[in-house]
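Now for the letters of each chain:
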Number of protein chains: 4
Amino acid sequence: MPLLHRMTQGVFAIAPTPFDGDGAIDFDSLSRLTEFYTSVGVSGLTLLGQLGEAPKLSHEEGVRVVRHVLRQTDLPVVVGVSAPGYAAMEALATEVMSAGASGVMIAPPNTLRTDDRIVSYYEGAAAAIGEHVPFVIQDYPLSFSVEMSPSVIARIANTLPGCVMLKHEDWPGLEKISSLRRMEAAGDMPRLSILCGNGGLFLDFETERGADGAMTGYCVPELLVDIVRHAADDDRDAAHDLFDAHLPLMRYEQQPGVGLAVRKYVMMRRGLLTSDTQRRPGAGLSATARAEVDYLLARLARKDSRVVLTT
Amino acid sequence: MPLLHRMTQGVFAIAPTPFDGDGAIDFDSLSRLTEFYTSVGVSGLTLLGQLGEAPKLSHEEGVRVVRHVLRQTDLPVVVGVSAPGYAAMEALATEVMSAGASGVMIAPPNTLRTDDRIVSYYEGAAAAIGEHVPFVIQDYPLSFSVEMSPSVIARIANTLPGCVMLKHEDWPGLEKISSLRRMEAAGDMPRLSILCGNGGLFLDFETERGADGAMTGYCVPELLVDIVRHAADDDRDAAHDLFDAHLPLMRYEQQPGVGLAVRKYVMMRRGLLTSDTQRRPGAGLSATARAEVDYLLARLARKDSRVVLTT
Amino acid sequence: MPLLHRMTQGVFAIAPTPFDGDGAIDFDSLSRLTEFYTSVGVSGLTLLGQLGEAPKLSHEEGVRVVRHVLRQTDLPVVVGVSAPGYAAMEALATEVMSAGASGVMIAPPNTLRTDDRIVSYYEGAAAAIGEHVPFVIQDYPLSFSVEMSPSVIARIANTLPGCVMLKHEDWPGLEKISSLRRMEAAGDMPRLSILCGNGGLFLDFETERGADGAMTGYCVPELLVDIVRHAADDDRDAAHDLFDAHLPLMRYEQQPGVGLAVRKYVMMRRGLLTSDTQRRPGAGLSATARAEVDYLLARLARKDSRVVLTT
Amino acid sequence: MPLLHRMTQGVFAIAPTPFDGDGAIDFDSLSRLTEFYTSVGVSGLTLLGQLGEAPKLSHEEGVRVVRHVLRQTDLPVVVGVSAPGYAAMEALATEVMSAGASGVMIAPPNTLRTDDRIVSYYEGAAAAIGEHVPFVIQDYPLSFSVEMSPSVIARIANTLPGCVMLKHEDWPGLEKISSLRRMEAAGDMPRLSILCGNGGLFLDFETERGADGAMTGYCVPELLVDIVRHAADDDRDAAHDLFDAHLPLMRYEQQPGVGLAVRKYVMMRRGLLTSDTQRRPGAGLSATARAEVDYLLARLARKDSRVVLTT
C-alpha cells in the first residue's frame, strides 16, 4: 500500500465502527461499508478515529478492524493511534503499519497547552512511532480543547519528516488554510497535504482556499468526492449548487453529541450498516429526531438521486 | 413598554452595536438599524448581548445605547445585564428597566459548575435585579462553558417568578426543547417562552419542537421572521425551502470567532451600518473572506429578492 | 479479601507503578513497595490510579500489576477502572474482582457536565461492572474538570447500592465533607466511606470534618497513617504537630505536573523503587528540583526519624 | 511616584478591597490597611486585582480606591486594568497613571490560546495603554486558563518595552523561573522583574530560583517581607524555618474559592478590616471554618509573635 505523502489528495472517508445490537463488532457491515466507500470513489479510508468510537475498542479489537479492512481494499488506510502514553501509541502504530496501513493519525491530549509543549508532544510521538512513519496531525480544537496556530504546525512540519498531512478541523479555519499555504509558498515550511473535517460543513470554501480534500465521515461521502472533483475542475457554481443541497443534512449530522447517531442511522437506512448501535455510553436518536432525519433525506433525494434508502 | 412574559413569541433581533472607524458608538447607524428591524416585523430587540460587544462598552455607553433605541421604537427591548458581580448587574438592570426595557438577560459566569451552584447563582441574580423584573436565562454552553440540563432550568423556573424566558442556544438542543415542553405539560415546571439562538442554524426544526421563536442576530432577520410565521401556519415545506436558501450564509456567519465580522459586513453592505468596525480586540475579515461572503450573498439574492446590497 | 464497604476506614495508599530505566514494569520494586505499605500500617492499597500511570499501561499490564500485588498482600485492594467506554471498564472490573480485588474506582470522563448526566454516567457504569461490585466515586475536579455537588453524590449513593466510598479530592473540600455528613445524619443519603486525596494537603482538618481516612500517594505514607490514628484518638495537637512537619514536603509533592516525579524520586531515595522512571510523556525533575527535595527531606528527617534515605 | 522597572524588588502586597456590611467600599479600613502595609515594610501595593474583587467594582469605584490609596502612601502602586475590551483598559490605565500609579497589570482573557494570539493580545494592550506605561504580565493559569511558556513571555518582553515585570503564578513554576533567568543570561530576552503569587506557597524556593520577591495577598505580609529579606541575606535555614511556621495557614488561605474569605477574616481579626464582607456572589466561611482558622492562628502565634489578634 502506498504511504501517505505531502501531495495526497481526495477524500479519506472516516469509517464508523459497525456494531451489532449487542455491541459486538459487525464485520459483515464493515465489509459492506468498505466496498461501498471504494465504489463511490474515495481516495482512502480512516479507521479508529474519535467518531469510529476508537476509545471504546480494546487494542485487539482495533487491530482486528484494521486488518479486516486492509484485506478488503487496496485503498490507502490511515489509522488513529492517539493514546495517553507513547507506549500504547507505538504498539498500535507498529502493528497497523506492518499490516499495511499507509499512515497514522495523532491527536493532542486535551490538557496540552503552549506551543512549546505541543511541538514537544509531537516530537515524542514521532520518536515513538518511528521517524519514517507518515503521520497526520489531527487539529480539532472543539473536541480536544487544544489550539494549534499555523506557526506551531509549521514548527512540527519543519522538525519532523514524518509529518505529511494535516487533518484540518479548526473552527474558524478558512484563514488557517490560506495562512499555511502562504507560509509554504514563502518557504517557511514544507508542503502538507491538508484534508478537512468538521463533517464537510465548510468544504465548499476549504477547497477554494487550497485544501487537498476532505477527511470526514459525512453519511453521503459521494458529495465529498464530487465537491473535491468540482474544485479540481474549477467548477465553482456546480460545487456550491450540489453542496447547498446537502448542507441541511450535513448541518444536522454535525451536531456535537448526536452526530454519530445521525451518521449511523443514515448509513443503516442506506443499507450499509445492519444496525446503528453505538457502544455505551453514547447518545441515541429519539423517534422525533429520526423523523427529522427522514424528512431531510426525502428532501435531499429530490436533488441528489443517489440518496436511495433501502430500509 | 409591555414586560416580557411566559407567552412571548416571535423574533427578538440581537442588534450589533455600530461603531464608526474610530471605535466611537455610531448612533446614526443605530437609529437606522432600529428602524430597519421594526420595518421587517421583528417582535422585539435584544441589546448589549455578547455579540453586541457589550463587554467592550462602559456602563454609561451601554445605558446610552439602550436609551437611544428605546426612544426610537415601541418594540419590547431585552437588555443583557450579565456582570461578574451582582452590584453591577443590579445597577444596569435598574437603570434600563426604569428607562423602559421589557426585561433583562443573564448569562452564567463561565466558572459555574454543578446544578446547585447554577440555581443559587440565579437566585442571587434575581434578588439583585428585583424579583419582579422579568429575566431571560441565556443558555449558551459553547460560549460560556456552562451546561444547564432541563431539570436545572426547571428548578430555576419553579423557584424564581421573574424567570419567564429561555434563550436556547445549547448544542445539540432539539431534544432539550422537547424535554422542557414535556416537563411543562406534565406540570413539573411553569411554561417558559423559548427563543432560539445559534444564529438560527436549527430554527427550521426548533420551531417544530415547540420553540416560540428566535433570539439571534442573523444578518438577514427577515428570514427568521418568515420561518417563525411559516411555523405558526404549519407550512413545513415552505419554511424549509426558504430556510435552506439561507443556510449557506447562516452557516458562514455562525463560525465562532469571525461571526460578528461577517454580520457587520453584511449589514454594512445592506446599507444598515456605516462601518463594520468592531472594538478591539476583535477579528476582522480578510479580502478573501469578504469575497466569499459576497459570493454567498449573490447566490442568496437569486432566491430571496429582499437581499439587496446598497454598497 | 473483604469487599469495600460504607464503614471502611484508614489509609489506602495509592501505589505508583514502578518502571525500570527502559519503561518496563519493575515487579521487584512492586513487591518491595507492597511489603513496605503493609509494614507501615496502611489499611489498603489503590492500584491503577491516574498517578499510577494507569492510562499508560495496556489492559494486560494493568491486570498483571493487580495480580502481582494481590499475591503479595492480604490488604484490600481498590483498582481504578476508568475508561472511555463501558466495555473496557466492564472487562477490567470483572477481571480484577475475580482476581480478588475489594472494589473498583471510577472517575468521570472530563467532558461530563450537569447533575443529570453525571448520575446517568454512574448508573451506566454500575450496570456495566455489575451492581454488586463495590465502587468508589473519584471526585477530583482539578484533574477531571468535573464538579460534583453533595446533592449529586447523594443521588448516586441513593440510586446505586454498589456506591460505598467517595475518594474526596475536591478543592476546597472541607465544607463538602461536612455537608455530606449532615445529609447522612438527616437521612437524605446512605453513609459513604470518605477517604481524602490531594496528597494529604488538608488531611489534618479533613479527619476533623468527618473523613474516614486518606486515599492518596504521599511519599511518606507513615504520616497519613499517624494522622488518621491521632484523629481517632482525638489528639488534635499531636496530629497537627506531626502534620505541620510534613507539610513543606507534601506541598512540594502536590504540584500539578511534577508531583509524581517528586513522589517516585523520594521513594527511590527511600530504597523502595529501583528507578524513578516514568513512562513517557512525563515530567522529570531537574537537578535543582532534586536538590530542593533533598533539602526538604533533610529538614523533615530532623523531626520525623522514620524518613531514612538509603540511596 | 517612581515607575515600575525591570529591577523592581521586594513585596508588592495585593490589597483586598474593604467593604462594610452593606457592600459599600469602606475607605476607613482602606486607610488603615494602607498604613499597615507601609509599616511592615512592603515595597509596593497592588490594587484592583482579582482578589481585590476588581470585577465587582464599577470603573468609578475602582478609580476612587486607587486615588484614596495614592493619597495615603508614597509606596509604588500597581493597578490591575484587565478588561474584555481595550477601550476600558485604556481608560482605566490612563486615569490611574495620571493619578500617580507606578504601573498596571494585565491578565489574558480566559479564551486566549496559542502563542501567537497571546503575543498579539499583549501587543494590542500595550498599544492601548501607551507604549511607555510599564506593565506587568499576570501569568496565572489556574485562574485564567491561559498558559504562557517561557518562550512566549520572552517574545512579549522582546517586543514591548513597557513589559517590565512578570507576576509569576504558574503551577508548577519553579522551573519556569529558572528557565527565564537562563534565557536572560543567554541574552535571549531582557531582564524582567519576577514577583511571585500563589499566596506565597512556594516563595521559599522561588526566591532561591531567582525571583525578585512576591506579589500576593497573604494575610500576614510580614512573612513575605521576611522571606525576601532572608533570601537577600542568603540565610536559607532561617527563611525556611519562618516559612514553615506559616505554611499551615498559607495553605489554608490558598484554597480556591474560599481563599479571599479566609484572608479578609484574618485581616478583620488582626484589626485591619472592620468587616470581612465580600460583594456577592462570593463564598463565606462557616463557623467551623472560622474556628479552624482561629486554631491555625493560635498555633502560628506561638511561633511568630507578630500575629496578634485584636478582635
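Residues numbered from 1 in each chain as written. Chains lettered and ligands numbered in written order. Predicted model: local features only at pLDDT ≥ 70, side-chain atom pairs only at ≥ 80, totals over all residues. Heavy atoms only, no water.

A separate point is the relation of the copies chain B and chain A. The transform that puts chain B on chain A rotates by 180° and translates by 0.0 Å along the axis, for an RMSD of 0.0 Å. One copy is carried onto the other by what is essentially a two-fold rotation axis. Most of the interface of chain B is mirrored in chain A, where 100% of its interface residues again form contacts. (Least-squares fit on C-alpha atoms with pLDDT ≥ 70 in both. Contact = heavy atoms within 4.5 Å.)

Counting residues at the interface gives 32 residues for chain B and 32 residues for chain A. Broken down residue by residue, the surface that chain B buries against chain A is led by B:W171, B:R251 and B:Y295, which jointly contribute 22%. Our enumeration of links across chain B and chain A arrives at 8 salt bridges. When the shortest N-O distance is used, the salt bridge between A:R209 and B:E292 registers 2.6 Å. On the surface where chain B and chain A come into contact, there are 16 residue pairs in polar contact (both at pLDDT 80 or more). (Buried area = accessible area lost by both parts, 1.4 Å probe. Salt bridge = Lys/Arg side-chain N within 4 Å of Asp/Glu carboxyl O. Polar contact = N/O pair within 3.5 Å; in protein donor to acceptor, adjacent residues only side chain to side chain.)

Residue and element names in this part refer to chain A. Inspection of the secondary structure assignment puts Q138 in strand β5 (residues 135-139). Judged by its relative accessible area of 6%, Q138 is buried. Considering only alpha carbons, one finds Q138 and G197, 59 residues apart in sequence, at a separation of 9.4 Å. Apart from residues no more than four positions distant in its own chain, Q138 is found in contact with M105, I106, A107, P108, Y122, F144, M148, K167 and E169. (Helix = DSSP H or I, 4+ residues; strand = E, 2+ residues; numbered from the N terminus. Buried < 20%, exposed > 50% of the residue type's maximum accessible area, 1.4 Å probe, protein only.)

Taken as a whole, helix α6 (residues 150-159) of chain A has its buried residues at A:V152, A:I153, A:A154, A:I156 and A:A157. Those residues of α6(A) that are buried lie in contact with α4 (115-129), β5, β6 (163-168) and α7 (174-185) of chain A.

What follows concerns the side chain of B:D226. Residue and element names in this part refer to chain B. Tracing the sequence through the fold places D226 in helix α9 (residues 221-232). Relative accessible area serves as the criterion here: at 8%, D226 is assigned to the buried category. A polar contact of 2.6 Å, which involves the side chain of D226, links it to the side chain of R306. In this structure, D226 is in contact with L242 and R306, ignoring residues within four places of it in sequence.

The next subject is the sheet that holds strand β2 (residues 44-47) of chain D. Residues and elements named next belong to chain D. Here we have 8 strands rolled up into a closed barrel, ordered β1-β2-β3-β4-β5-β6-β7-β8, and parallel in their pairing. The sheet shows a mean angle of 25° between the axes of neighbouring strands, taken without regard to direction. Lying on the sheet, helix α7 (residues 174-185) is in contact with β5 (135-139), β6 (163-168) and β7 (193-196); it crosses β7 at an angle near 175°. (Pairing = 2+ DSSP bridges. Axes fitted to C-alpha atoms, helices over the stretch in contact; angles between N-to-C directions.)

Within the largest apolar cluster, 212 residues are counted, with the highest numbers of intra-cluster contacts made by A:F135 and B:F135. Ignoring anything within four residues of it in the chain, the contact list for B:F135 reads B:V104, B:I106, B:Y122, B:A126, B:I129, B:I156, B:L160, B:G162, B:C163, B:V164 and B:M165. Grouped together as the second largest cluster of nonpolar side chains are 211 residues, C:V42, C:L70, C:F205 and D:A54 included. (Core = buried A, V, L, I, M, F, W, Y, C linked by side-chain atoms within 4.5 Å.)

Moving on, we come to the confidence of the model for chain A. In the predicted model, chain A carries a mean pLDDT of 95, and the fraction of residues at 70 or more is 100%. Overall fold confidence for the complex sits at a pTM of 0.96, while the interface term, ipTM, reaches 0.96. (pLDDT = per-residue confidence, 0-100.)

Quick look at the packing of helix α6 (residues 150-159) of chain B against helix α7 (residues 174-185) of chain B now. Residue and element names in this part refer to chain B. For the pair α6 and α7, interaxial distance at closest approach is 10 Å and the crossing angle is 45°. Put simply, α6 runs oblique to α7. Seen from above, α6 lies across α7 with right-handed handedness. Counting all contacts with α6, which are made through P150, S151, I153 and A154, the residues of α7 involved are K176, S179, L180 and M183. Its residues placed into classes, the contact of α6 with α7 shows 5 nonpolar, 2 polar and 1 charged. (Parallel < 35°, antiparallel > 145°, perpendicular 65-115°, else oblique. Left-handed = near helix turned anticlockwise from the far one by under 90°. Nonpolar A, V, L, I, M, F, W, Y, C, P; charged D, E, K, R; others polar.)

Here we take up a negative patch on the surface. On the surface, A:D233, A:D234, A:D235 and A:D237 cluster together into a negatively charged patch. Note on placement: A:D237 falls in helix α10 (residues 236-253). (Patch = residues over 30% accessible without salt bridge, like charges linked within 9 Å, V, L, I, M, F, W, Y side chains within 5 Å. Areas by Shrake-Rupley, 256 points an atom, 1.4 Å probe, with all protein chains shown as cover. Lys, Arg positive; Asp, Glu negative; His and termini not counted. Charge placed at Lys NZ, Arg CZ, Asp CG, Glu CD.)

Our next topic: α4(A). Over its 15 residues, α4(A) runs 21 Å from end to end, which matches the ideal 21 Å to within 8%, given 1.5 Å per residue. When we look at burial in α4(A), the residues that qualify are A:D115, A:I118, A:V119, A:Y121, A:Y122, A:G124, A:A125, A:A126, A:A128 and A:I129. The elements touched by buried residues of α4(A) are α3 (86-99), β4 (103-106), β5 and α6 of chain A together with α4 (115-129) of chain D. A:G130, located one to two residues past α4(A), shows a positive phi value of around 105°. (Expected span 1.5 Å × (residues − 1).)

Let us now look at unusual backbone geometry. Of note, the amide linkage connecting C:R280 to C:P281 takes the cis form, showing an omega dihedral of -5°. Its place among the elements puts C:P281 in the loop between α11 (259-269) and α12 (287-301). Cis geometry marks the peptide bond from D:W171 to D:P172, where omega comes out at 5°. One non-glycine residue, B:T114, adopts positive backbone phi at about 75°. Turning to its location among the elements, B:T114 is positioned in the loop between β4 (103-106) and α4 (115-129). With relative accessibility at 12%, the residue B:T114 sits in the buried group. In the Ramachandran plot, D:N198 falls in the positive-phi region, its phi being about 55° despite a non-glycine side chain. Along the chain, D:N198 falls in the loop between β7 and α8 (203-209).

Okay, the relation of the copies chain B and chain C next. If you rotate chain B by 180° and push it 0.0 Å along the axis, it lands on chain C with an RMSD of 0.0 Å. A symmetric contact is evident, with 100% of the interface residues of chain B recurring at the interface of chain C.

Here the focus is the interface of chain B and chain C. Chain B puts 9 residues into the contact, and the matching count from chain C is 9 residues. With both sides pooled, the region where chain B packs onto chain C buries about 810 Å², and carbon together with sulfur makes up 44% of that total. Among the residues chain B hides against chain C, the three largest losses belong to B:R113, B:T114 and B:E147. Together they make up 52% of the total. A salt bridge links C:R117 to B:E147; its shortest N-O distance comes to 2.5 Å. On inspection of chain B and its partner chain C, the count reaches 5 residue pairs in polar contact (both at pLDDT 80 or more). Per-element accounting of the side of chain B that touches chain C gives the leading share, 3 residues, to α4(B). Looking at the side of chain B that touches chain C, its residues break down into 1 nonpolar, 3 polar and 5 charged.

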